[in-house]
Amino acid sequence: MTIGKARRKGLTLTQRRSVTGLLFVSPFIIGFLVFYLRSLISTINFAVSETTMAADTVGYSTSFIGLENFRYVFTEHPRFNQVLVESLLGMIVDVPLILFFSLFIAIVLNQKFRGRTVARAIFFLPVLLNAPAIFTALADVRAFMIGGTTPAPAGMVDSVSSDGTILTYYIFLLADLGLPETIIDYVIGAVTRINYVITMSGVQIIIFLAALQSISPSMYEVAKIEGATSYETFWKVTFPMVSPLLITNMVYTVLDSYITSPILLEAYQTMFGEDNYSLSAVMSLTSMVCVCGILGLVSWRVSKRVYYHN
Amino acid sequence: MQKLKNKINAMKTDKHLDNEKRRLIRSSLSFLMSIFRFGLIVGISYVILGPILGIVINSFFSDADQYNPVVLLIPQQPTLEKYKLAMTILNYWSVMRNTLIYVISLSLIQIGVCSMVGYGFARFQFPFKKILFACVIIIIIIPAHSIMLPLFTTFRGFGLLKTITPMYIMTMFGVGLRSGLYIYIFNQFFRGLPKEIEEAAFVDGANTMYTYMRVMIPNAMPAIITVTIFSLVWQYNDLFYGNIFQIPNDWSIARKLNTLLGTLGPIYRVTDPSLAQLYVYAGIVLMILPMIIIYIFLQRRFIEGVERSGIVG
């Protein structure tokens, strides 16, 4: 149909191809312009103006006030700074943990052993069960058990280790070794979050596993013939070949962590709970810029070391 | 004892036994490795399965079992009454039917639209292609969560809130739930396919649409399976878009599940939190059941699909 039309206009083959290509992509172009770009601009507009709700709380009007909202959120809002820092710190702590854990597990699952299919099926279960609805239901129950009636925030999982005494023992053990406090804190954080890390790394394991499978066996053969130990083989063959996927996985992990972060929850509650559109927009924008900054910075740092085989 | 020592000494000096020694070391190392691997896998499986098993088992507890401190894992009087009530409250069969219709139709649209767009980006040259592909990256990187406010006001302006239409509109225009990722996957996959197939189809007189439908799509099965599973699961579990667009509870089992606890007390007179918990557990099991069934059937093909699909690029 398209080609017929184009022929009548007398276009060359290249032009016809480009028209067809644009037609193929057109749904996305429309969607991007109408929903994404417009929404982004509108978010910025909300952020730099004061929103007055109409009496029916459906209509609203905006008037430009410059950066006043940003000033308010950063200097006067009771929770914002704290929640933002918490969210970003959580992200910075979790992302490397999840990446290393999933790479490690992918390497283990890539080996040949009996019951591998079962193990894989179990390890991918979290992808399926990582449902905010389930977390919310469980959190609600927990809150109900404790006696509160307010439902806990959606999509938040708290994985606090239950056995305090054993933990204290290990803390002293580590402290006796003379390790710096920050490292101890990180290790303890990692141990207490193991549940969270495991549930969050389903997709990353799949992606790393796919990358591992695509490494040609001849490379390992060469490494073996040249007398490389398995440690050397990992750093000289496996890791460089997987490294491009490191960025993909990092982006995925950061975003996954972002969409469940307390800062977005705060923005959501500011919008629906308090009907304060401007503040909510400021929060969304600020956190978005922070996350994009982190992503850009880390991919820039990492991409220098990434090895592209092709 | 002396014999053994002699043997060891002999082994130390005898050059001919070098190979044997090495083999011994290697086999014992691999044995240790397999024990370590086994422990690791069992441990992590426990972390993953533990809570699920707890939920499943507890959902079969009767009231007496729940109050009996001796009963821990195996219920003494297993009952299905929790499921019966949970099913009534969730209005299970009809909500589940609606949810599956909703989720499956959205996934089909996702596959259709995202594969088309991905194919467009992979095989055609057109002006602003680089900028447009950057837009795909943008919608991956900026989640809809950042722009929820305008999305909400836009669809409220259309008067489409509290219906399922907004999600269909968003998906149809390639900006649905994680559409950017699916476009990216399809793009990578199509780029990896040899150009010769299309050239052959073109020489044989097939037009572009025919080539796409009859040649490219059947070849893209791994990517399609990957996207199908991701899209089914994420759409099924989605709560965010459901909350933003206030999708009716009857169309989303995930949203319905969150009303379960609220209805238990006032309507069904289950006021004891430790009993209410069991009903919620039953509800959770009911919710994840269809996904588990789908997963069991598609699991093997899914992992193969991911391995062959374009994620790896």
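Residues numbered from 1 in each chain as written. Chains lettered and ligands numbered in written order. Predicted model: local features only at pLDDT ≥ 70, side-chain atom pairs only at ≥ 80, totals over all residues.

J.: Hey, could you run me through the overall build of chain B in this one?
T.: Of the regular secondary structure elements, chain B holds 15 helices and zero strands. Against the compact-globule benchmark of 20 Å for 313 residues, chain B has a radius of gyration of 28 Å, which places it well outside the compact range. Dimensions of chain B, computed from C-alpha atoms along their principal axes, come out at roughly 95 × 75 × 35 Å. Here chain B, with 313 residues, has 40% of them falling under the buried criterion. Sequence separation of at least 24 residues holds for 76% of the intrachain contacts in chain B that already meet a minimum separation of 6. (Helix = DSSP H or I, 4+ residues; strand = E, 2+ residues; numbered from the N terminus. Rg over C-alpha atoms; globule rule 2.2 N^0.38 Å. Buried ≥ 20, exposed ≤ 12 C-beta atoms within 10 Å, placed from the backbone. Contact = placed C-beta atoms within 7 Å.)

J.: Mind showing me how you'd approach the domain arrangement of chain A here?
T.: Many authors give the size of an interface as the accessible area that is lost as the parts come together. Residue and element names in this part refer to chain A. Partitioning chain A into domains gives domain 1 (1-47) and domain 2 (48-305). Counting residues at the interface gives five residues for domain 1 and eleven residues for domain 2. By residue class, the composition of the side of domain 1 that touches domain 2 is three nonpolar, two polar and no charged. (Domains from an automatic or database assignment. Nonpolar A, V, L, I, M, F, W, Y, C, P; charged D, E, K, R; others polar.)

J.: Just to check I follow, could you spell out the nonpolar core for this structure?
T.: Note on soluble globular proteins: their nonpolar side chains tend to be buried together. A:F208, B:F186 and B:L260 are the most contacted members of the largest nonpolar core, which has 147 residues in total. Counting residues per element, this core draws most heavily on helix α15 (residues 273-308) of chain B, at 14 residues. Apart from residues lying up to four places away in sequence, A:F208 is in contact with A:S102, A:L103, A:A106, A:V242, A:L245 and A:N249. (Core = buried A, V, L, I, M, F, W, Y, C linked by C-beta atoms within 7 Å.)

J.: It is not clear to me how the domain arrangement of chain B should be interpreted in this structure. Could you clarify?
T.: As far as domains go, chain B holds domain 1 (2-58) and domain 2 (81-312). Centre-to-centre, using C-alpha coordinates, domain 1 of chain B lies 44 Å away from domain 2 of chain B.

J.: Please clarify how the confidence of the model for chain B should be interpreted in this entry.
T.: For chain B, per-residue confidence averages 86 on the pLDDT scale, and 96% of positions sit at 70 or higher. Interface confidence for the predicted complex, expressed as ipTM, amounts to 0.83; the pTM equals 0.84. (pLDDT = per-residue confidence, 0-100.)

J.: For this particular structure, what's the right way to read the interface of chain A and chain B?
T.: Chain A puts 70 residues into the contact, and the matching count from chain B is 67 residues. Counting only elements with at least two residues in the side of chain A that touches chain B, the list comes to α2 (13-47), α5 (116-129), α6 (132-146), α9 (194-200), α10 (202-213), α12 (230-259), α13 (262-272) and α14 (277-305) of chain A. Ranked by residues supplied to the side of chain A that touches chain B, first place goes to α2(A) with 22 residues. Among the residues making up the side of chain A that touches chain B, the classes are represented as 53 nonpolar, 13 polar and four charged.

J.: I keep staring at the environment of A:V34 and nothing clicks. Help me out?
T.: Turning to its location among the elements, A:V34 is positioned in helix α2. Here the alpha-carbon distance between A:V34 and A:Q204, two residues 170 residues apart in the chain, equals 32 Å.

J.: Mind showing me how you'd approach the pairing of strand β2 (residues 60-64) of chain A here?
T.: Regular strands place side chains that alternate from one sheet face to the opposite one. Residues and elements named next belong to chain A. With zero of five residues buried, β2 lies mostly on the surface of the structure. Where strand β1 (residues 49-53) meets β2, five bridges bridge the pair, whose relative direction is antiparallel. Residue pairing for β2: E50 is matched across the bridge by S63. (Pairing = 2+ DSSP bridges.)

J.: Explanation requested: the packing of helix α5 (residues 92-123) of chain B against helix α9 (residues 179-192) of chain B in the structure shown.
T.: Each pair of packed helices can be described by the angle between their axes along with the distance between the axes. Residues and elements named next belong to chain B. As a packed pair, α5 and α9 sit with axes 7 Å apart at the nearest point and diverge in direction by 50 degrees. As summarised for this structure, α5 and α9 are arranged oblique, according to the angle between their axes. Between α5 and α9 lies a crossing of right-handed hand. Listed contacts from α9 to Q110, C114, S115, V117, G118, Y119, F121, A122 and R123 of α5 are S179, Y182, I183, F186, N187, F190 and R191. A breakdown of the residues in the contact of α5 with α9 according to their chemical character gives nine nonpolar, five polar and two charged. (Axes fitted to C-alpha atoms, helices over the stretch in contact; angles between N-to-C directions. Parallel < 35°, antiparallel > 145°, perpendicular 65-115°, else oblique. Left-handed = near helix turned anticlockwise from the far one by under 90°.)

J.: Help me out: how do you make sense of the packing of α5(A) against α10(A) in this one?
T.: Residues and elements named next belong to chain A. Packing of α5 against α10 brings their axes to within 7 Å, and their N-to-C directions diverge by 130 degrees. With respect to α10, the element α5 is oriented oblique. Residues F123, F124, P126 and V127 of α5 touch α10, and the partners they reach there are G202, V203, I205 and I206. Here the contact of α5 with α10 is built from residues that sort into seven nonpolar, one polar and no charged.

J.: Would you explain unusual backbone geometry in this entry?
T.: Glycine aside, the phi torsion of most residues is negative, and most peptide linkages are trans. A positive phi angle is found at A:D275, which is not glycine, with a value near 55 degrees. With respect to the secondary-structure elements, A:D275 resides in the loop between α13 and α14. Backbone geometry places B:N91, a non-glycine residue, at a positive phi of 55 degrees. With respect to the helices, strands and loops of the structure, B:N91 is situated in the loop between α4 (81-90) and α5.

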